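Results of the structural survey
What follows is each chain in one-letter form.
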Amino acid sequence: MKDYARLLRVHQYLKNLFIFLPLFFSLRIGEADLLAKATLAFVIFSVVASAVYIFNDYYDVAEDRTHPVKKERPLASGRVSARVALTLAAGLLMAGLAASWLLSPDMFSLLVAYVILNATYSIGLKHFPIIDIFVIAANFVLRIFVGGAVTHVEITIWIIIMTFLLALFLALAKRRDDVIIFLETDQKTRKSIDGYNLVFIDSAMMAMAAITIVAYIMYTVSHDVIVKFGTDKLYLTTAFVILGFLRYMQITFVEEKSGSPTEILLKDRFVQLTLLGWIGAFGILIYR
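Notes on the structure follow. All of these numbers come straight from a predicted model, not from anything done at the bench.

Attention shifts here to the nonpolar core. Core analysis: the largest hydrophobic core is formed by 47 residues, its most contacted members being Phe169, Tyr219 and Phe282. Those elements that provide at least two residues to this core are α2 (21-25), α8 (131-151), α9 (157-185), α10 (198-221), α11 (223-229), α12 (238-254) and α14 (269-287). Look past the residues within four positions of phenylalanine 282 in its chain and what remains in contact with it is Phe24, Phe25, Tyr216, Tyr219, Phe229, Leu234 and Thr237. Counting residues in each nonpolar core, the second largest holds 33 residues, with Phe45, Ala49, Ala51 and Val52 among its members.

Right, dumping it as structure tokens:
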């Protein structure tokens, strides 16, 4: 069961919490009917995402077997057969798409786009430097759109921009881990590594961090946002955002353990407390 849980990448479901952001920022997270729809969308998206992860692992088997960590994945290690994995993926995909159609035709369309985007990523786009991290970032934005589609809540430009920038930052950190492995072992865990080096990634990460922080500050002091939430104190939550970025860059540049953002969130107490602090402070200010 542990191998199948790893095959489905259950821990990656944390990413799908972005589906709830439109409700949170629209001040409607407390509406039971909308929260129930968003929760159902979360479950359905997770099912489809697991299918996508399995297909991706199937295409990446050869590369994963050269990776010091990914070689332990169920398919790469041979603990789960390709036939069983693909059968499971097909079943999850059909079930998830059918359920999404019943919940919301708009969500169905977005999930189809998600599947197509990730299929093209697995087959070829992942080999193109910069394009590969843009696809990863686009997947996060799609989760935002799913949350808006099932709840019929308006999605602001601010949420889209900051989600995309944050996802780019995290994707660059993942690529940095791949570059470090290449420098230490002389093994290319993915073809796109030829388009990256530490100077480029470090510079790009610092740029994304700076741009995201500035965008967040602009968001908190925006007149429309102040009027919407009825407070001009949201800028105070910027402290948690800066702390989060600094800690993540410390993990990336000093500890060199940025291979999995999800595992960092699950294991790093500093990141957890910073995130909880931001949620608490922001929530108190807008839901008081």
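Let us keep going from here.
As a further point, take the environment of glutamine 12. The residue glutamine 12 is located in the loop between α1 (2-8) and α2 in this model. With relative accessibility at 9%, the residue glutamine 12 sits in the buried group. When the C-alpha positions of glutamine 12 and glutamine 187 are compared, they lie 26 Å apart, and in sequence the two are 175 residues distant.

Tallying each qualifying case throughout the model produces 20 aromatic pairs. Seen from their ring centres, phenylalanine 24 and tyrosine 287 are 5.9 Å apart, and the 45° between their planes marks the pair as tilted. One end of the pair, phenylalanine 24, is in helix α2; the other, tyrosine 287, is in helix α14, with 263 residues separating them in the sequence. For phenylalanine 24, a relative accessible area of 15% gives the class buried. Residue tyrosine 287 is classed as partly exposed on the basis of its relative accessible area of 33%. Between phenylalanine 45 and tyrosine 114 the ring centres are 4.7 Å apart and the planes differ by 50°, which places this aromatic pair in the tilted class. Here phenylalanine 45 is found in helix α3 (residues 32-59), whereas its partner tyrosine 114 is found in helix α7 (residues 105-123), with 69 residues between them in sequence.

One can describe the packing of α8 onto α9 by two numbers: an axis separation of 8 Å at closest approach and a directional angle of 140°. Classed by the angle they form, the pair α8 and α9 counts as oblique. Viewed along their axes, α8 and α9 form a crossing whose handedness is right-handed. Only Ile159, Ile160, Thr163, Phe164, Ala167, Leu168, Ala171, Leu172 and Arg175 of α9 make contact with α8, whose side of the interface consists of Asp132, Ile133, Phe134, Ile136, Ala137, Ala138, Phe140, Val141, Ile144 and Phe145. Its residues assigned to classes, the contact of α8 with α9 comprises 16 nonpolar, 1 polar and 2 charged.

Mapped onto the elements, tyrosine 235 comes out in the loop between α11 and α12. A residue is classified by how much of its surface remains accessible, and tyrosine 235, at 40% relative accessible area, is partly exposed. Along the backbone, tyrosine 235 and serine 222 are 13 residues apart, and their C-alpha atoms lie at a distance of 9.8 Å. Those residues within four positions of tyrosine 235 in sequence are excluded, and the remaining contacts are Thr220 and Val221.

Here threonine 238 lies in helix α12. With a relative accessible area of 8%, threonine 238 lands in the buried category. Not counting chain neighbours up to four residues away, the residues in contact with threonine 238 comprise Tyr216, Ile217 and Thr220.

For the rest of this paragraph, the subject is the packing of α12 against α14. Between α12 and α14, the shortest axis-to-axis distance is 9 Å and the interhelical angle comes to 165°. In terms of their interaxial angle, α12 and α14 are classed as roughly antiparallel. The way α12 lies across α14 gives a crossing that is left-handed. From α12, Phe240, Val241, Leu243, Gly244, Arg247 and Ile251 reach across to α14, where they touch Phe270, Val271, Thr274, Gly277, Trp278 and Ala281. Across the contact of α12 with α14, the residue classes break down as 8 nonpolar, 3 polar and 1 charged.

What follows deals with α12. Residue pairs three or four apart in sequence face the same way in an α-helix, which turns once every 3.6 residues. Helix length check: α12, at 17 residues, gives a terminal C-alpha distance of 23 Å against a target of 24 Å (1.5 Å per residue), a fit within 8%. Among the residues of α12, Thr238, Val241, Phe245, Arg247, Tyr248, Met249, Ile251 and Thr252 are the ones counted as buried. In this structure, the buried side of α12 is in contact with α9, α10, α13 (261-267) and α14. Looking at the residues trailing α12, positive phi occurs at glutamate 256, about 50°.

The rules behind these values
Counting from 1, residues in each chain are numbered in the order their sequence is written. Given that this is a predicted model, residues contribute local features only at a pLDDT of at least 70 and side-chain atom pairs are listed and counted only at 80 or more, while totals for whole chains, interfaces and linings are drawn from all residues. Water and hydrogen atoms play no part in the side-chain values, which are based on all heavy atoms of the structure. In these notes, a set of buried Ala, Val, Leu, Ile, Met, Phe, Trp, Tyr and Cys residues joined through side-chain atoms within 4.5 Å is what counts as a nonpolar core. Burial classification: accessible surface area is computed with a 1.4 Å probe over protein chains only, and a residue below 20% of its type maximum counts as buried, one above 50% as exposed, and the rest as partly exposed. Counting from the N terminus, the helices are the DSSP runs of H or I reaching at least four residues and the strands are the DSSP runs of E reaching at least two. Contacts are assigned to residue pairs with any non-hydrogen atoms lying within 4.5 Å of each other. Any Phe, Tyr or Trp ring, taking Trp's six-membered ring, that has another such ring centre within 6.5 Å forms a pair; planes under 30 degrees apart are called stacked, those over 60 apart edge-to-face, and the others tilted. Lines fitted to C-alpha atoms define the axes, with helix axes restricted to the stretch in contact, and inter-axis angles between N-to-C directions lie between 0 and 180 degrees. In these notes the angle categories are as follows: under 35 degrees is roughly parallel, over 145 is roughly antiparallel, 65 to 115 is roughly perpendicular, and the rest is oblique. Note: crossing handedness is left-handed where the near helix turns anticlockwise from the far helix by less than a right angle, and right-handed where it turns clockwise. Polar here means any residue other than Ala, Val, Leu, Ile, Met, Phe, Trp, Tyr, Cys and Pro, which are nonpolar, and Asp, Glu, Lys and Arg, which are charged; Gly is therefore polar. Between the first and last residue of a helix there are one fewer steps than residues, each counted as 1.5 Å, and that sum is the expected span.

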